Amino acid sequence: MSNLFSIKDRVVIITGGCGVLGTSMANHLASEGAKVVILDRNAKLGNELVDSMIAKGYDALFLETDVLNKEILEQNKLNIMQKYGRIDVLINAAGGNMPGATIAPDKTIFDLQIDAFKKVVDLNLFGTVLPTMVFAEPMVNSKKGCIINISSESALRPLTRVAGYGAAKAAVSNFTKYMAGELATKFGPGLRVNAIAPGFFITEQNRDLLLNPDGSYTDRSKTILAHTPFNRFGEPEELLGTLQWLVSDASAFVTGVVIPVDGGFDAFSI
Ligand code: NAD
């Protein structure tokens, strides 16, 4: 069974790898023997993260990127191919909500800042589509590879306030299924595309919505927890089992699925 879940020596790219969830994924996959390439726009955090991983004996590389810039992504691909000679796994984790794109409780759709809405769609949707276009190419050439997109609970059930983020993540879920068909039917069944839809995890991109300045829960947090059968937020580590299953051959016949990891939020109403 341990062989079935093995990810040893897989070359794994994680966009947004310096984020709270990305860092946890990067450390876990590297600890399981994967060669992890962290792509992020934050060079300071990226270099610190890779230094700390190498100090633990892991195989890790940081490359600065912008997931919305195809030219930079192409350059990243050249660097990765030069160092490792292949790409086995792409995890599209760069993303998140932006404060300007949130409709405050005393505002309505008529107050929506359309530029902020577009920025959220750009980052979450095109920030998934562009890296897929660039990094799926070596996978297609070797007829083997796997892509994991990070969608969101907000794609499954529209959440109040985060209209742009929800729309963008719903598009990511749809694109996941589209790409599963596109790659397998045109290039072969060794290519898989799936997504994880995390529920609520307190990280940089949602801290202001979930925590008051003094660290106590906002009313929104209390509402979320009341709708979560487990009655708590998730810990980043709780995504790792699902991630390893999707990265490894244990899920060899699984493609086009979006898996909620959410303490039951999606399954529960009142
Ligand atoms: P985070 O804000 O901690 O990390 C996001 C990372 O993406 C950061 O390191 C940031 O530098 C990087 N990034 C942003 N724009 C970029 C760009 N243009 N190019 C390259 N890198 C860029 O967020 P997180 O909570 O760790 O989120 C990771 C993913 O999980 C996101 O897609 C997010 O939408 C999703 N998600 C998070 C939650 C949650 O509760 N935290 C829930 C559902 C889905």
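Residues numbered from 1 in each chain as written. Predicted model: local features only at pLDDT ≥ 70, side-chain atom pairs only at ≥ 80, totals over all residues. Heavy atoms only, no water.

## As for the overall build of the chain
Turning to step 1, where the next piece is worked out: Check the secondary structure of the chain and you find 9 helices and 7 strands.
Turning to step 2, where the next piece is worked out: Radius of gyration (C-alpha) of the chain: 18 Å, near the 18 Å computed for a compact globule of 270 residues.
Turning to step 3, where the next piece is worked out: Seen along its three principal axes, the alpha-carbon backbone of the chain occupies a region of about 55 × 40 × 35 Å.
Turning to step 4, where the next piece is worked out: Looking at the chain as a whole, 51% of its 270 residues qualify as buried.
Turning to step 5, where the next piece is worked out: Restricting to contacts in the chain with at least 6 residues of sequence separation, those with at least 24 account for 72%.
Turning to step 6, where the next piece is worked out: When the accessible surface of the chain is split by element, carbon and sulfur atoms take 57% of a total near 12,800 Å².
Turning to step 7, where the next piece is worked out: One finds the centroid of the 25 positive side-chain charges in the chain at a distance of 4 Å from the centroid of its 28 negative side-chain charges. (Helix = DSSP H or I, 4+ residues; strand = E, 2+ residues; numbered from the N terminus. Rg over C-alpha atoms; globule rule 2.2 N^0.38 Å. Buried < 20%, exposed > 50% of the residue type's maximum accessible area, 1.4 Å probe, protein only. Contact = heavy atoms within 4.5 Å. Areas by Shrake-Rupley, 256 points an atom, 1.4 Å probe, with all protein chains shown as cover. Lys, Arg positive; Asp, Glu negative; His and termini not counted. Charge placed at Lys NZ, Arg CZ, Asp CG, Glu CD.)

## Quick notes on the domain arrangement of the chain
Turning to step 1, where the next piece is worked out: Entries for the chain in the domain assignment read domain 1 (11-199 + 235-260) and domain 2 (205-233).
Turning to step 2, where the next piece is worked out: The interface of domain 1 with domain 2 comprises 10 residues on the first partner and 5 residues on the second.
Turning to step 3, where the next piece is worked out: Summed over both partners, the interface of domain 1 with domain 2 comes to about 620 Å²; 36% of that surface belongs to carbon and sulfur atoms.
Turning to step 4, where the next piece is worked out: Broken down residue by residue, the surface that domain 1 buries against domain 2 is led by N97, R161 and E238, which jointly contribute 45%.
Turning to step 5, where the next piece is worked out: Our count for the contact surface shared by domain 1 and domain 2 stands at 1 salt bridge.
Turning to step 6, where the next piece is worked out: Where domain 1 touches domain 2, the interface holds 2 residue pairs in polar contact (both at pLDDT 80 or more).
Turning to step 7, where the next piece is worked out: A breakdown of the residues in the side of domain 1 that touches domain 2 according to their chemical character gives 3 nonpolar, 4 polar and 3 charged. (Domains from an automatic or database assignment. Buried area = accessible area lost by both parts, 1.4 Å probe. Salt bridge = Lys/Arg side-chain N within 4 Å of Asp/Glu carboxyl O. Polar contact = N/O pair within 3.5 Å; in protein donor to acceptor, adjacent residues only side chain to side chain. Nonpolar A, V, L, I, M, F, W, Y, C, P; charged D, E, K, R; others polar.)

## A closer look at the sheet that holds strand β6 (residues 191-198)
Remark on secondary structure: sheet strands pair via backbone hydrogen bonds, oriented parallel or antiparallel.
Turning to step 1, where the next piece is worked out: Judged by pairing direction, the sheet is parallel, and its 7 strands sit side by side in the order β3-β2-β1-β4-β5-β6-β7 without closing on themselves. Of all strands in the sheet, those with a lone pairing partner are β3 (59-64) and β7 (258-261), marking the two edges. In this sheet, adjacent strand axes meet at a mean angle of 20 degrees when their direction is disregarded.
Turning to step 2, where the next piece is worked out: Of the strand pairs in this sheet, strand β1 (residues 11-15) and strand β2 (residues 35-40) are connected by 5 bridges, and their pairing is parallel. In the strand pairing of β2, V11 is matched with K35.
Turning to step 3, where the next piece is worked out: On top of the sheet, helix α3 (residues 70-84) reaches β1, β2 and β3; it is set at about 155 degrees to β3, its chief contact.
Turning to step 4, where the next piece is worked out: Running over the sheet, helix α4 (residues 114-142) touches β1, β2, β4 (89-92), β5 (145-150) and β6 and is turned about 175 degrees from β4. (Pairing = 2+ DSSP bridges. Axes fitted to C-alpha atoms, helices over the stretch in contact; angles between N-to-C directions.)

## Considerations on α3
Side chains three or four residues apart in an α-helix point the same way, a direct result of the helix having 3.6 residues per turn.
Turning to step 1, where the next piece is worked out: Along its 15 residues, α3 runs 21 Å from first to last C-alpha, staying within 8% of the 21 Å computed at 1.5 Å per residue.
Turning to step 2, where the next piece is worked out: Buried within α3 we find L73, N76, K77, I80 and Y84. Each buried residue of α3 lies within a common arc of 105 degrees when the element is viewed along its axis, so the set occupies one face. What points out from α3, more than 90 degrees from its buried face, is the exposed set E71 and Q82.
Turning to step 3, where the next piece is worked out: For α3, the secondary structure elements touched by its buried residues are β1, β2, β3 and α4.
Turning to step 4, where the next piece is worked out: Looking at where α3 begins, the residue whose side-chain oxygen comes 3.1 Å from the main-chain nitrogen of E71 is N69.
Turning to step 5, where the next piece is worked out: Just downstream of α3, G85 is the residue with a positive phi angle, here 80 degrees. (Expected span 1.5 Å × (residues − 1). Arc of directions from axis to C-beta.)

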